[in-house]
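Given next are the chains, with one letter for each unit.
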Amino acid sequence: YNSPGIIIHYLIRQEPFTTMAIELQSGRFDCPDRLFFDLASSWEGCMTSSSDFKELVPEFFCLPEMFLNTNRFPLGQTQSGRTVDDVGLPPWANGSAFEFVRIQREALES
């Protein structure tokens, strides 16, 4: 079970979820540090915080575009100065959202 907020969190780079995210935050993007910008930091949050629980959405296995800011939305900079753009992926994805989804789907179907 995923709440609409978690779905919007993961799919913020894809319409209509971008518009929904902006509406949810009273007309602007949420604080960049709270956006989905890196798989490692999302994993870390879920593993270390009892209040951070997110299930993967099906798009993790079929929609590489969800990890790419192809529309060049201005998602801001984190407090550490990192520009929020494409989602940071694990090294085994070789920097490719398409490769990441291919491997995820392969693991799911095995």
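You'll find the structure just up there.
These lines cover the structure that appears in this document, whether it is placed above or below. Bear in mind the structure is a predicted one, so any value in this text is a computation, not a measurement.

**What to know about the overall build of the protein chain**
Then comes step 1: Of regular secondary structure, the protein chain possesses 4 helices and 0 strands.
Then comes step 2: The secondary structure elements of the protein chain, listed N-terminal to C-terminal, are α-α-α-α.
Then comes step 3: Taken over C-alpha atoms, the radius of gyration comes to 14 Å for the protein chain, in line with the 13 Å a tight globule of 110 residues would show.
Then comes step 4: Overall, the protein chain is about 45 × 30 × 30 Å in size when its C-alpha atoms are taken along their principal axes.
Then comes step 5: Looking at the protein chain as a whole, 37% of its 110 residues are labelled buried.
Then comes step 6: Pairs at least 24 apart in sequence give 64% of the contacts found in the protein chain among residues at least 6 apart.
Then comes step 7: Put simply, the protein chain shows about 6700 Å² of open surface, and 56% of that area lies on carbon and sulfur atoms.

**Section: the environment of F53**
Then comes step 1: As for its placement among the helices and strands, F53 is situated in the loop between α3 (39-48) and α4 (97-109).
Then comes step 2: Relative accessible area serves as the criterion here: at 62%, F53 is assigned to the exposed category.
Then comes step 3: Sequence separation of F53 and S42 is 11 residues, and the distance between their C-alpha atoms is 9.6 Å.

**Let's talk about the nonpolar core**
Then comes step 1: Counting residues in hydrophobic clusters, the biggest one holds 15 residues, and the most contacted among them are Y10, F36, L39, F60, M66, F67 and F100.
Then comes step 2: Elements with a contribution of two residues or more to this core: α1 (4-10) and α4.
Then comes step 3: The biggest single contributor to this core is α4, with 3 residues.
Then comes step 4: In contact with L39, not counting residues within four places along its chain, are F60, V87, G88, L89, P90 and F100.
Then comes step 5: In terms of nonpolar packing, the next biggest core, distinct from the first, is built from 9 residues, A21, F37, F73 and V84 among them.

**A word on the side chain of D38**
Then comes step 1: Position of D38 relative to the elements: it lies in the loop between α2 (17-24) and α3.
Then comes step 2: With relative accessibility at 13%, the residue D38 sits in the buried group.
Then comes step 3: In terms of polar contacts, D38 uses its side chain to reach the backbone amide nitrogen of A40, at 3.2 Å.
Then comes step 4: The residues touching D38, leaving out its near neighbours within four places in the chain, are R82, V87 and G88.

Criteria and thresholds
Residues numbered from 1 in each chain as written. Predicted model: local features only at pLDDT ≥ 70, side-chain atom pairs only at ≥ 80, totals over all residues. Heavy atoms only, no water. Helix = DSSP H or I, 4+ residues; strand = E, 2+ residues; numbered from the N terminus. Rg over C-alpha atoms; globule rule 2.2 N^0.38 Å. Buried < 20%, exposed > 50% of the residue type's maximum accessible area, 1.4 Å probe, protein only. Contact = heavy atoms within 4.5 Å. Areas by Shrake-Rupley, 256 points an atom, 1.4 Å probe, with all protein chains shown as cover. Core = buried A, V, L, I, M, F, W, Y, C linked by side-chain atoms within 4.5 Å. Polar contact = N/O pair within 3.5 Å; in protein donor to acceptor, adjacent residues only side chain to side chain.

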